[in-house]
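What follows is the residue order along each chain.
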Amino acid sequence: MFMLEGWLPIIVLFILAACLMVLLARYTRNLIVFSLSAVLGVICLGTILFSIFRVGGWDGMAIGFYAIAAFLGISIGTAISPFIKKKSVER
């Protein structure tokens, strides 16, 4: 049975965020990808700070780990995006 325990949800979030950024890079312009990654990165960093200073404890650490995984996925997906070949639109 497939259980979502331990590090698995964090790893899945990391992979999904990276894949989402790569797919966006393939089908949209680079300006949109970079703008979206900047906004999502600021949201992730804000979530990390929120988890440290407002939540605290073990609950804050869990929220922080999820935010760090999402931030790393967004960063790696954005770093890979210039190397993705754009899909041409046929008319």
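From a predicted model like this one, the values you see are computed outputs, not experimental measurements.

Rules used throughout
Residues numbered from 1 in each chain as written. Predicted model: local features only at pLDDT ≥ 70, side-chain atom pairs only at ≥ 80, totals over all residues. Heavy atoms only, no water. Helix = DSSP H or I, 4+ residues; strand = E, 2+ residues; numbered from the N terminus. Expected span 1.5 Å × (residues − 1). Buried < 20%, exposed > 50% of the residue type's maximum accessible area, 1.4 Å probe, protein only. Contact = heavy atoms within 4.5 Å. Core = buried A, V, L, I, M, F, W, Y, C linked by side-chain atoms within 4.5 Å. Patch = residues over 30% accessible without salt bridge, like charges linked within 9 Å, V, L, I, M, F, W, Y side chains within 5 Å. Areas by Shrake-Rupley, 256 points an atom, 1.4 Å probe, with all protein chains shown as cover. Salt bridge = Lys/Arg side-chain N within 4 Å of Asp/Glu carboxyl O. Axes fitted to C-alpha atoms, helices over the stretch in contact; angles between N-to-C directions. Parallel < 35°, antiparallel > 145°, perpendicular 65-115°, else oblique. Left-handed = near helix turned anticlockwise from the far one by under 90°. Nonpolar A, V, L, I, M, F, W, Y, C, P; charged D, E, K, R; others polar.

Asker: When you look at helix α2 (residues 30–55) in this model, what are you seeing that I'm missing?
Answerer: For an α-helix the count is 3.6 residues per turn, leaving residues at separations of three or four pointing the same way. A rise of 1.5 Å per residue sets the reference length of α2, with its 26 residues, at 38 Å; its end C-alpha atoms lie 36 Å apart and thus fit the reference within 8%. Those residues of α2 that fall on the buried side of the exposure criterion are Val33, Ser37, Gly41, Cys44, Ile48 and Ser51. Here the buried face of α2 lies against α1 (8–27) and α3 (57–80). Taken from the residues just after α2, Gly56 is the one with a positive phi, measuring 70 degrees.

Asker: What is the right way to look at the nonpolar core in this model?
Answerer: Counting 7 residues, the largest nonpolar core is built from Ala17, Met21, Ala25, Val33, Cys44, Ala70 and Ile74. Mapped onto this core, the elements with two or more residues apiece are α1, α2 and α3. Looking at which element gives the most residues to this core, the answer is α1, with 3 residues.

Asker: Hey, could you run me through a nonpolar patch on the surface in this one?
Answerer: A surface patch of nonpolar side chains, amounting to about 860 Å² of accessible area, comprises Trp7, Ile11, Ile15, Trp58, Met61, Phe65, Ile68 and Leu72. Where the nonpolar patch is concerned, the elements lending two or more residues are α1 and α3. The element contributing the most residues to the nonpolar patch is α3, with 5 residues. If you trace the backbone, Leu72 turns up in helix α3. Residue classification places Leu72 among the partly exposed positions, given a relative accessible area of 42%.

Asker: Could you clarify how one ought to interpret the packing of α2 against α3 in this entry?
Answerer: Each pair of packed helices can be described by the angle between their axes along with the distance between the axes. The interhelical angle for the contact between α2 and α3, taken along N-to-C directions, is 165 degrees, at an axis separation of 8 Å. For the element pair α2 / α3, the angle class is roughly antiparallel. Seen from above, α2 lies across α3 with left-handed handedness. Two secondary-structure elements touch here, α2 through Phe34, Ser37, Leu40, Gly41, Cys44, Leu45, Thr47, Ile48, Ser51 and Val55 and α3 through Gly57, Asp59, Gly60, Ile63, Gly64, Ala67, Ile68, Ala70, Phe71, Ile74 and Thr78. Residues belonging to the contact of α2 with α3 are distributed by class as follows: 12 nonpolar, 8 polar and 1 charged.

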